[in-house]
Amino acid sequence: MKKFKILFGLLIYLIIVGISLNIYAATEDIQWTDFSQASVTLVDRKESEYREYDLKFENVTFDTEESTKYYVFIVNEIEKLEKFEIEKKDEVLENIATEVWTSSSEKIVPYSKMNPFIDRNNDIYVWIVEGKLNEEGTYEFKNVLSGKKVEKPSMGKLGERIGITFDVHYGSMSTRIHMYEPCDSNENRKITLQLGKVTDYDVLLSMKEKEANRLQKLMDYAKDKKEDEVITKEVTLGTYFDLLGGVDLEKNAYYYVYSILDNENNKYRTIEDIELFQYVGPKDSSLYYVGEYDALASYNSLGFIWDNIEAYKLDSDRTENGDGQTNDGKEEQVKDDTLSKGTLPFTGEGILIFGLIIMIIVVGAYYGIRIKGLKNIK
């Protein structure tokens with residue numbers, strides 16, 4: 001009996017060890033995706049003037065098993081990566097992942113989800129947890145990509161970041177803002193617009209001649225304007241408003257719109273832009289909705305024409321304070337309209353000499369007549 005108990009116990013032990021070894025072997029047999037050579041980049045779709053960046057993965061072979069899942073996490077602060085060390089359960093990962101891929105998923109993170117991370121001032125990091133079924137039919141998880149830093153794209157050039165249009169919307173003038181630069185649209189972001197008249201000949205000429213730094217010149221000019229020389233309006237992105245309401249504009253004159261998106265104390269990047277417009281006149285009162293009608297025609301639109309900008313040249317040559325200095329620092333020769341261009345015959349010594357000559361002639365004539373009269377006396 002004693003031998004039987006020993007043999008029975010040994011059998012139970014071997015069964016337990018065998019099961020453990022089988023589970024261990026099953027776990028070790030799982031082939032996890034190799035991300036060691038993977039490149040992770042933001043790629044512009046280039047489908048429109050909007051800059052739309054998908055996060056793409058290359059040099060990696062994804063598992064095509066239907067049961068395999070990839071949980072993708074995007075963060076801006078590397079300290080937040082510690083949250084992925086939590087107990088890995090499918091329902092937990094599903095709820096907190098930025099993106100969950102299955103076998104049929106395109107292995108990208110779309111631009112709509114990447115925009116907020118690009119817009120933040122911090123760097124971008126990617127973390128991927130892979131989930132696979134073992135032989136027991138339960139999920140096992142592994143961090144296959146940990147804290148991979150992604151390079152942000154550079155900001156677009158001036159004139160390609162923020163678009164402003166002025167059109168008729170349901171019978172009323174409407175100003176619309178188009179954010180071409182990726183930004184976090186889920187927040188109630190504030191943007192400030194400044195409208196001002198351009199009267200500087202050098203700035204206008206630079207725009208007309210399409211100089212390489214023309215928009216930077218225009219922006220510098222706009223930033224130098226005084227508060228009482230511009231119309232300023234702060235609005236929320238996505239709202240309808242009229243920047244031109246109650247503003248008197250000069251037909252065919254040139255105006256700039258300087259726009260800057262609030263960075264909320266450096267939480268986001270500073271996105272600012274500048275654009276040149278020409279006022280083509282008020283809206284037709286019969287219009288109800290015309291998407292292409294522009295009260296202010298953009299510099300790059302067909303409605304914009306270059307009028308006689310030479311009229312601004314004299315004002316551009318002078319400084320705003322009127323101190324007689326030109327923009328290059330040389331003293332300006334101020335024209336004095338009180339001075340005659342020719343010789344003045346009746347001024348100063350000329351008048352005295354002329355008076356003496358007249359006096360001599362008169363005295364001479366007098367005595368001549370007197371002497372002649374005396375000769376006739378008998």
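Before reading on, note that the structure itself is shown above.
The following refers to the structure shown. (Residues numbered from 1 in each chain as written. Predicted model: local features only at pLDDT ≥ 70, side-chain atom pairs only at ≥ 80, totals over all residues. Heavy atoms only, no water.)

Overview of unusual backbone geometry
At step 1: Positioned with a positive phi, Asn59 is a non-glycine residue whose angle comes to about 60°.
At step 2: Following the sequence through the fold, Asn59 ends up in the loop between strand 2 (53-58) and strand 3 (69-75).
At step 3: Here Asn59 falls in the exposed class, since its relative accessible area comes to 57%.
At step 4: At Asn265, a position not held by glycine, the phi torsion is positive, near 55°.
At step 5: By secondary structure assignment, the location of Asn265 is in the loop between strand 12 (254-261) and strand 13 (271-279).
At step 6: The class for Asn265 is exposed, based on a relative accessible area of 76%. (Helix = DSSP H or I, 4+ residues; strand = E, 2+ residues; numbered from the N terminus. Buried < 20%, exposed > 50% of the residue type's maximum accessible area, 1.4 Å probe, protein only.)

Quick look at the packing of helix 4 (residues 201-208) against helix 5 (residues 214-223)
At step 1: The geometry of helix 4 relative to helix 5 is characterised by a closest axis approach of 9 Å and an angle of 155° between their N-to-C directions. One way to sum up the angle between helix 4 and helix 5 is to call them roughly antiparallel. Classified by chirality, the crossing of helix 5 by helix 4 is left-handed. Every residue of helix 5 that contacts helix 4 at Val203, Ser206 and Met207 is listed here: Arg214, Leu215, Lys217, Leu218 and Tyr221.
At step 2: Split by residue class, the contact of helix 4 with helix 5 holds five nonpolar, one polar and two charged. (Axes fitted to C-alpha atoms, helices over the stretch in contact; angles between N-to-C directions. Parallel < 35°, antiparallel > 145°, perpendicular 65-115°, else oblique. Left-handed = near helix turned anticlockwise from the far one by under 90°. Contact = heavy atoms within 4.5 Å. Nonpolar A, V, L, I, M, F, W, Y, C, P; charged D, E, K, R; others polar.)

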